[in-house]
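Breakdown of the fold
What follows is each chain in one-letter form.
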Amino acid sequence: MRELVPLLRARSSGVVYTKGHARRRVARADDPERFEALCRTRFKAMGLGAIVIAVGLGWLVVNLVLMAADTAMPAA
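Residues numbered from 1 in each chain as written. Predicted model: local features only at pLDDT ≥ 70, side-chain atom pairs only at ≥ 80, totals over all residues. Heavy atoms only, no water.

1. Concerning the environment of G14
For G14, the location among the structural elements is in the loop between α1 (4-13) and β1 (15-17). Separated by 53 residues in sequence, G14 and M67 place their C-alpha atoms 45 Å apart. Every residue in contact with G14, bar those within four places of it in the chain, is listed here: R9, V26, A27, R28 and F35. (Helix = DSSP H or I, 4+ residues; strand = E, 2+ residues; numbered from the N terminus. Contact = heavy atoms within 4.5 Å.)

2. Some thoughts on the packing of α1 against helix α2 (residues 32-45)
The contact between α1 and α2 brings their axes to 9 Å, and the two run at 155°. Between α1 and α2, the angle is such that the two are roughly antiparallel. Here α1 runs over α2; the crossing is left-handed. Contacts between α1 and α2 involve P6, L7, A10 and R11 from the former and F35, E36, C39, R42 and F43 from the latter. (Axes fitted to C-alpha atoms, helices over the stretch in contact; angles between N-to-C directions. Parallel < 35°, antiparallel > 145°, perpendicular 65-115°, else oblique. Left-handed = near helix turned anticlockwise from the far one by under 90°.)

3. Concerning the side chain of T18
Relative to the helices and strands, T18 resides in the loop between β1 and β2 (25-27). T18 gets classed as buried once you look at its relative accessible area, which sits at 11%. Engagement of the side chain of T18 in a polar contact is seen with the backbone nitrogen of R24, the distance being 2.8 Å. If sequence neighbours within four positions are ignored, T18 has contacts with R23, R24, V26, R34 and L38. (Buried < 20%, exposed > 50% of the residue type's maximum accessible area, 1.4 Å probe, protein only. Polar contact = N/O pair within 3.5 Å; in protein donor to acceptor, adjacent residues only side chain to side chain.)

4. Some remarks on a nonpolar patch on the surface
On the surface, M1, I53, L57, L60, L64 and M67 cluster together to form a nonpolar patch covering roughly 620 Å² of accessible area. Within the secondary structure layout, L60 lies in helix α3 (residues 47-72). (Patch = residues over 30% accessible without salt bridge, like charges linked within 9 Å, V, L, I, M, F, W, Y side chains within 5 Å. Areas by Shrake-Rupley, 256 points an atom, 1.4 Å probe, with all protein chains shown as cover. Salt bridge = Lys/Arg side-chain N within 4 Å of Asp/Glu carboxyl O.)

5. A few points about the nonpolar core
Counting residues in each nonpolar core, the largest one holds seven residues, listed as L7, A10, V16, V26, F35, C39 and M46. Listing elements by their share of this core, those giving two or more residues are α1 and α2. Beyond its immediate chain neighbours, meaning those up to four positions away, L7 contacts C39, R42, F43 and M46. (Core = buried A, V, L, I, M, F, W, Y, C linked by side-chain atoms within 4.5 Å.)

6. Some details on the pattern of salt bridges
Counted under the stated rule, the structure contains three salt bridges. Two residues, R42 and E3, come together in a salt bridge whose shortest N-O distance is 3.3 Å. With R42 in helix α2 and E3 in the segment before α1, this residue pair connects regions lying 39 residues apart in the sequence. Both residues of the pair, R42 and E3, belong to the buried class.

Shown next, in the form of structure tokens:
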């Protein structure tokens, strides 16, 4: 999540900031190759966290569906 919000903000505004002590502003219009490289790096950095969140949400949905199906079935 720490990488997702800045990535979305960078994609919509066309400006990304480098990480580190001396943050630099990289605009898509001024340096498109570096802008894409920085966005690609942010996307790769959020990969494992996004997979863990997706698996957790999938697990939650499956359990909710199973609970709903269990309550909908009449007791035998």
